Amino acid sequence: MNKLEVKIGSLTLKNPVMTASGTFGYGDEYISLLDISKLGAIVTKTLTMEPRAGNPAPRIWELPYGMLNSIGLANIGVHRFISEKLPILRDYEATVIANIASADVAGYTEVIKILENEKGISAYELNVSCPNVEKEGMAFGADVETLLEVTRRCREAADKCLIVKLTPNVYDIGSLAQAAVEGGADALTVANTVLGMAVDIESRKPRIPSALAGYSGPGIKPVNLAKLYQVRKAVDVPLIGCGGIMNYRDALEYMITGAAAVQIGSGTYKNPRLAVEVIDDMERYLNEKGIDDIDNLIGTMK
Ligand SMILES: Cc1cc2nc3c(=O)[nH]c(=O)nc-3n(C[C@H](O)[C@H](O)[C@H](O)COP(=O)(O)O)c2cc1C
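Residues numbered from 1 in each chain as written. Predicted model: local features only at pLDDT ≥ 70, side-chain atom pairs only at ≥ 80, totals over all residues. Heavy atoms only, no water.

Draft legend 1. Inspection of the site of the ligand at higher detail. In the neighbourhood of the ligand, 23 residues make up the surrounding shell, with Ser21, Thr46, Lys165, Gly244 and Ser266 lying closest. Between the ligand and Asn99, the relevant distance is 3.2 Å, taken from an oxygen atom to a side-chain nitrogen or oxygen of the residue. Here Asn127 contributes a side-chain N or O atom positioned 3.4 Å from an oxygen atom of the ligand. Taken by itself the ligand offers 600 Å² of open surface, and the protein chains cover 96% of this. For the shell around the ligand, the per-class residue count stands at seven nonpolar, 15 polar and one charged. (Near = heavy atom within 4 Å. Polar contact = N/O pair within 3.5 Å; in protein donor to acceptor, adjacent residues only side chain to side chain. Areas by Shrake-Rupley, 256 points an atom, 1.4 Å probe, with all protein chains shown as cover. Nonpolar A, V, L, I, M, F, W, Y, C, P; charged D, E, K, R; others polar.)

Draft legend 2. Structural view of the nonpolar core. Ranked by size, the top nonpolar core spans 90 residues in total, and within it Ile8, Phe81, Tyr108, Leu115, Leu188 and Met282 carry the most contacts. Beyond its immediate stretch of four places on either side in the chain, Leu188 contacts Ile163, Val164, Leu166, Ala177, Ala180, Val181, Val231, Val235, Val237, Pro238, Leu239 and Ile240. If you look at the next biggest cluster of nonpolar residues, it comprises seven residues, including Leu68, Ile208, Ala213 and Ile220. (Core = buried A, V, L, I, M, F, W, Y, C linked by side-chain atoms within 4.5 Å. Buried < 20%, exposed > 50% of the residue type's maximum accessible area, 1.4 Å probe, protein only. Contact = heavy atoms within 4.5 Å.)

Draft legend 3. Here's a closer look at the sheet that holds strand E8 (residues 123–127). Pairing is parallel around the closed barrel formed by eight strands, whose spatial order is E3-E4-E7-E8-E9-E10-E15-E16. Looking at each pair of strands side by side, their axes are set apart by 25° on average, direction ignored. Pairing between strand E15 (residues 239–242) and strand E16 (residues 261–264): three bridges, direction parallel. Bridge pairing in E16 places Ile240 opposite Ala261. In the packing of helix H3 (residues 144–157) onto the sheet, contacts are made with E8 and strand E9 (161–166), and the angle to E9 comes to roughly 160°. Here helix H8 (residues 274–289) sits on the sheet in contact with strand E3 (17–19) and E16, set at roughly 175° to E3. (Pairing = 2+ DSSP bridges. Helix = DSSP H or I, 4+ residues; strand = E, 2+ residues; numbered from the N terminus. Axes fitted to C-alpha atoms, helices over the stretch in contact; angles between N-to-C directions.)

Spelled out as structure tokens, the structure:
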């Protein structure tokens, strides 16, 4: 019996450890560094219909407890992903979750329709932290009605498992989680980057040209863990914890709080093999504690 196996909706994962979107490319760049088939899943960089160059540099600023980024969804577009990357991921038998975004609701469903018949994609993860041009640039994931609408439309288009990745930059994340579940989400990722900023006191310019950026890494773990706790109380679907996981202990904090799986993002920049090390360390922890199934740990916070 594989004691690390977990279920995310219709999806069975060999273990609960995924790489987070945008921090592991399309997976292929890591083949020389680790066995990508060992990962619970690889979440792709956000895919959009058309290729995107992203924001002007500098797009990253390192901080004592993490980093700021404003990449601007740079990606090769869904068609090149299918022709150039997906065949490699299939060859290596990786479990792939396609992360998707668009500037309008119809764009999400169009990308899903293109991916729906492709072999080698197990689920979709909707990145709803990006601006919605139909709602004056407000993030899809920051408004209950919009989130309900985008999730519902994607649910209609998708037979595969549908995951919504929530933004932590809202006060009442429970209501947004409920909207996503009402719209048909099978699972929720909690959460994306926290809004952040840094200023150079010599030039008096923001460190990232767009000023506002996404904060990730160890500094956000308590924030996203609290969000996961709030979401756990609001809905009853599998949750995927994300934010500041730097080792197996961080991952287990999310799982004990109620996450069925976790995603590792910025940690991969420090150690490209971190996700596989977390898998091994988790197994060792279960053995040491005499726990024969990781399901017996999920949501057991006292
Ligand atoms: C450089 C960078 C690029 C990212 N790109 C994406 C992206 O394209 N889509 C997305 O949904 N999240 C993206 N994220 C957010 C991560 O997937 C993750 O949710 C966030 O970084 C929190 O996890 P961490 O603290 O482990 O990094 C990005 C994060 C970083 C640091």
